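# Observations on the model geometry
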Amino acid sequence: MDRIYELAQPKESKCIWLTSFGPNMVWGNQEPMWPIPPGALKSAATPRLESLSEPKRNLIGGLNRPAFVYSCGRESVILKVSPFAKQASATGRVDYLSNHKRPPTEFKEDRREHTFSCGRQSPIWNVTDPARKAAERERIESLARPKTPHREFLPAREVAFPVRLVSLEYRDQKFGSNQEIETKVSKAAMSSSATPRLEHLARPKSRPDGPFREPMWPVSKSARVATATPRQIELAKAKSVSDGYLPARTIEWPVSKAARKSVATPRTDELSRPIIRATMDHVQFNPDAFIVSEAAKKARCSARIEELSQPLQR
């Protein structure tokens, strides 16, 4: 019961004064988030608020259709039918629309599924009288026979139970000549004792618990004095690297005195110089770019250039 009361308590807020924001709210009550000022409580609503607060007009005319009364699947009608509608006669259009959909004239129905549905014992189509009186053929009789087991098939033997010893004539008459019956185990067989060989074979295989050998054992003198053969020495060698293999160089290695005192050749000095390329500002810079030559000043334009220079008349 204490657990139920504990679970019935509302969830407490985990925020603290350092991380909380806004007013202190408690879920489940009708209190507003922010306090309403007294001026708003005493103020009068405007005509626009009063028009918006009016409920939507019911255009059905007082008729309401609750879903729990007229639910889907009920046989009762949703609307009450007036007596005049019950006595009225349908129009030609209503009669035409009430007819069920018919198949086209070219449609031929072979099997009436609505009449002979799946699972019925009656045939799908009617069998004619000549077919009922027709003689059976050998092929039909062979196909109608159930599948027989193999000639050498032996059925499962029945549960062993003690029976009395019977004669062969009674066995042939009762069970058939090919049927064997269970025989009773003799007292000599039940009281016999197994041979030593059978007892030895009946024992489970014994596996001793390890360790099977001590971690340290004495080595014989002949083994300590023995020398390895050339083949054993060859097999005992570790795998070597291939000829010409060079291991990875260390990160730092000493520089020789000759390398430190050597002088670079003129070709090496030439190759070591960096390539200095001029910037695009210097490459494209032309101080005479906007200077008009004297020949251009004295030149005269052609008739075609004068024609193209004229403004377009619209």
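Owing to the predicted nature of the structure, the values given are computational and were not obtained by experimental measurement. (Residues numbered from 1 in each chain as written. Predicted model: local features only at pLDDT ≥ 70, side-chain atom pairs only at ≥ 80, totals over all residues. Heavy atoms only, no water.)

### Let's talk about the overall build of the protein
This is how it is decided: A run of DSSP states H or I qualifies as a helix once it reaches four residues; a run of E qualifies as a strand once it reaches two. Both are numbered from the N-terminal end. Each residue is assigned to one of three classes by its accessible area relative to the maximum for its type, calculated with a 1.4 Å probe on protein chains only: buried under 20%, partly exposed between the two thresholds, exposed over 50%. Only the protein chains shown count as cover for residues, and all accessible areas are computed by the Shrake-Rupley method using a 1.4 Å probe.
From N to C terminus, the protein includes 17 helices and 0 strands. For the protein, with 314 residues in total, the buried portion stands at 0%. On the protein, roughly 34,600 Å² of surface is accessible, and the fraction owed to carbon and sulfur atoms is 57%.

### As for a nonpolar patch on the surface
Rule in force here: Each patch is built from salt-bridge-free residues with over 30% relative accessible area, joining like charges within 9 Å and nonpolar side chains (Val, Leu, Ile, Met, Phe, Trp, Tyr) within 5 Å. Only one rule defines a salt bridge in this text: a Lys or Arg side-chain nitrogen within 4 Å of an Asp or Glu carboxyl oxygen.
A contiguous nonpolar surface patch, about 390 Å² in accessible area, is contributed by M1, I4 and Y5. Locating I4 in the fold gives a position in helix α1 (residues 2–8). For I4, a relative accessible area of 53% puts it in the exposed group.

### Here's the deal with the pattern of salt bridges
All chains considered together, the criterion is met by 6 salt bridges. Among the salt bridges present, the one from E6 reaches R3, with a minimum N-O distance of 3.5 Å. Placement of both E6 and R3 in helix α1 is noted, with a separation of 3 residues, approximately one turn of the helix. R267 is the salt-bridge partner of E270, the closest N and O atoms lying 3.4 Å from each other. With E270 and R267 both in helix α14 (residues 266–272) and 3 residues apart, this pair spans about one turn of that helix.

### Thoughts on the confidence of the model for the protein
Just so we agree on the cut-off: The predictor reports its confidence for every residue as pLDDT, a score running from 0 up to 100. Should any heavy atoms of two residues lie within 4.5 Å, those residues are considered in contact.
Residues at a pLDDT of 70 or more form 73% of the protein, whose mean pLDDT is 78. Helix α12 (residues 230–236) holds the highest mean pLDDT among the elements of the protein, 93, whereas helix α8 (residues 168–174) holds the lowest, 53. Note on residues 161–167: pLDDT is under 50 here. Beyond four places in sequence and across chains, it has 4 contacts.

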